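Below are the chains, spelled out letter by letter.
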Amino acid sequence: MEYGYARVSSTEQNLDRQILALQKYVKQENIVVDKQSGKNLDRPGYNALKGMFGLRPGDVLYIVSLDRLSRSKADIKSELDWFKENKIRLMILDLPSSLIQVPDEQEWIIDMIQNILIEVLASMAEQERLMIRKRQREGIEAAKKKGKHLGRPPLKIPDNFEQVYEAWMQEKITAKAAQRELGISSSSFYRLVEQKRKRDRSKGR
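The notes below deal with the structure included here. (Residues numbered from 1 in each chain as written. Predicted model: local features only at pLDDT ≥ 70, side-chain atom pairs only at ≥ 80, totals over all residues. Heavy atoms only, no water.)

Quick notes on the nonpolar core
Inference 1: In terms of nonpolar packing, the biggest core is built from 17 residues, with Tyr46, Leu49, Leu55, Leu61, Ile63, Phe83 and Leu90 touching the most fellow members.
Inference 2: Elements with a minimum of two residues in this core: strand E1 (2-8), helix H2 (44-49), strand E3 (60-63), helix H3 (73-85) and strand E4 (89-92).
Inference 3: Here this core takes 3 residues from H3, the largest share from any one element.
Inference 4: Filtering out sequence-adjacent residues up to four positions away, Ile63 remains in contact with Tyr5, Leu22, Leu69, Leu90, Met91, Ile92 and Leu93.
Inference 5: Within the second largest apolar cluster, 13 residues are counted, among which are Leu15, Val26, Ile31 and Val60. (Core = buried A, V, L, I, M, F, W, Y, C linked by side-chain atoms within 4.5 Å. Buried < 20%, exposed > 50% of the residue type's maximum accessible area, 1.4 Å probe, protein only. Helix = DSSP H or I, 4+ residues; strand = E, 2+ residues; numbered from the N terminus. Contact = heavy atoms within 4.5 Å.)

So, helix H7 (residues 186-202)
Given 3.6 residues per helical turn, the α-helix brings residues three or four places apart onto the same face.
Inference 1: If you check H7, its first and last C-alpha atoms are 25 Å apart, about what 17 residues at 1.5 Å a residue would give, namely 24 Å.
Inference 2: The inward-facing, buried residues of H7 abut helix H5 (161-169) and helix H6 (175-182). (Expected span 1.5 Å × (residues − 1).)

Description of the pairing of E1
Inference 1: The buried fraction of E1 is high, at 6 of 7 residues.
Inference 2: In this structure, E1 lies alongside strand E2 (residues 31-35), joined through 5 bridges in parallel fashion. Residue pairing for E2: Val8 is matched across the bridge by Lys35.
Inference 3: Each parallel crossover has a hand, and the one from E1 via helix H1 (residues 16-22) to E2 is right-handed. (Pairing = 2+ DSSP bridges. Right-handed = clockwise from strand over helix to strand, strands pointing away.)

Structure follows, in structure tokens:
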């Protein structure tokens, strides 16, 4: 039986291009998809594909490119070994040598070509993943040096917060009234209250 596997890294990304490419070789109902990072192999669709109701000896698995399988060189190697041990043919659409059909006695030709190309492509996929992580770290460091705040922005304390807070603590006004007076949301009000209490505790109040 012939299967297809498509993957994108997040739910916001679109699988249509991969699915259209795979449909030239595989029935749509046999295409398994994941919307999850390629940093590891623990994905529901891929796990199902390798499970008891998935691939069997003699089956063929189509993927658009090697990095859809994984971006880790070690994981790619382990998966290729698994496919070989289980007699499953892997067809990679952007790796034409993997699509060649040869007599059984000449399969060593495909293995030889594929092993060389896969080694190169796996290294490139892993290098790309490492470069992405490096750029992310550099971006964070650059933002810190420029004094940019990363994450949730600090909450500005209204000028009249102390007076309103005291009135609220003395039950002269309700929390809703305090929020209206300060012009902030409920969540912001209680964040400021918690910050105020932490400051007071640190001062021994």
